[in-house]
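Single-letter residue listing:
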Amino acid sequence: MTEIFLEPNSYPFTLSLAIVLGLFLLEIISLILGGSILAVGSDGLDADIDLDADFDGDFDGDFDVTAEFDIDAQPDFGATVEPDFGSGIDDGVSGLSPASLISWLGITKVPFLIWLISFLTAFGLTGLVLQSLSSGLFGMLLPSSLASLIAFVPALISTRTISAVVATIMPKTESSAMKTRFLGGHHGVITQGTARRGHPAEAKIKDRHGNTHYLRVEPLEDDEDLPQGTEIHVIRKKSGVFYAVNIT
């Protein structure tokens, strides 16, 4: 096994295990210093991405707001983007979308560095076992590119399993807190007063975690009034002002 480990055809697998060893040593140093590199990426993919549409300028009646910001028909241009990472977990990689593939691989379940170490370890060990079998059966090692291709798939499957196991024993630290500036793109209702341009009214917004927020909003259109009880779609301008579109 030692000879196979040092063979040029095994370099991809040797390098993978060497990287794991290096990360392990860095983790020991970080722990001595009071930190941990394994926590890198522990927040996963932040769904609260600020992608507010830029409304710096004058609004006019020719601008079709409802078509552009219908949350059911169009992508959100508000402050919250919620990728669906759950559709491909239980039934395989259905749809083959990047989001479902990432979820199926378990990348969103654990800190990315833990996932990477798991993959590199599985890839390195799988490749060395494969080369050892090839040497014993055929008296020669497989080309490194072919061996890497063969080892890649079982390494991914093993990493997915490891990620699922690690995710079940990791402490859950996800917070349902959501900053007010990320409420653009959500639906709500006017609760007090009548919103007019320059005279905002109070609106109640419920975020994806089920938390209730109260905002001061004014209508997007200059000549529009939004009385109490009006169902709205919230849009946040770059300056931080919240505008509302009537969706009733």
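Residues numbered from 1 in each chain as written. Predicted model: local features only at pLDDT ≥ 70, side-chain atom pairs only at ≥ 80, totals over all residues. Heavy atoms only, no water.

1. Examining the pairing of strand 1 (residues 187–192)
- The pairing of strand 1 with strand 4 (residues 231–236) spans three bridges and is antiparallel. Within the sheet, the bridge partner assigned to H187 lies in strand 4 and is H233.
- As paired elements, strand 1 and strand 2 (residues 201–206) share four bridges and run antiparallel to each other. Looking across to strand 2, one finds that V189 is bridged to K204. (Pairing = 2+ DSSP bridges. Helix = DSSP H or I, 4+ residues; strand = E, 2+ residues; numbered from the N terminus.)

2. Observations concerning helix 2 (residues 11–32)
- Its 22 residues place the ends of helix 2 31 Å apart at the C-alpha level, agreeing with the 32 Å of an ideal helix rising 1.5 Å per residue.
- Taken residue by residue, helix 2 has F13, T14, S16, L17, V20, L23, E27 and S30 as its buried positions.
- One or two positions beyond helix 2, positive phi appears at G34, with a value near 95 degrees. (Expected span 1.5 Å × (residues − 1). Buried < 20%, exposed > 50% of the residue type's maximum accessible area, 1.4 Å probe, protein only.)

3. Concerning the pattern of salt bridges
- If you walk through the whole model with that rule in mind, you get three salt bridges.
- Here E218 and R197 are joined by a salt bridge, their closest N and O atoms 3.4 Å apart. Taken together, the residues E218 in strand 3 (residues 212–219) and R197 in the loop between strand 1 and strand 2 connect sequence positions 21 residues apart.
- With its nearest N and O atoms 2.7 Å apart, the salt bridge here joins D222 to R197. With D222 in the loop between strand 3 and strand 4 and R197 in the loop between strand 1 and strand 2, this residue pair connects regions lying 25 residues apart in the sequence.
- We classify D222 as partly exposed; its relative accessible area is 44%. (Salt bridge = Lys/Arg side-chain N within 4 Å of Asp/Glu carboxyl O.)

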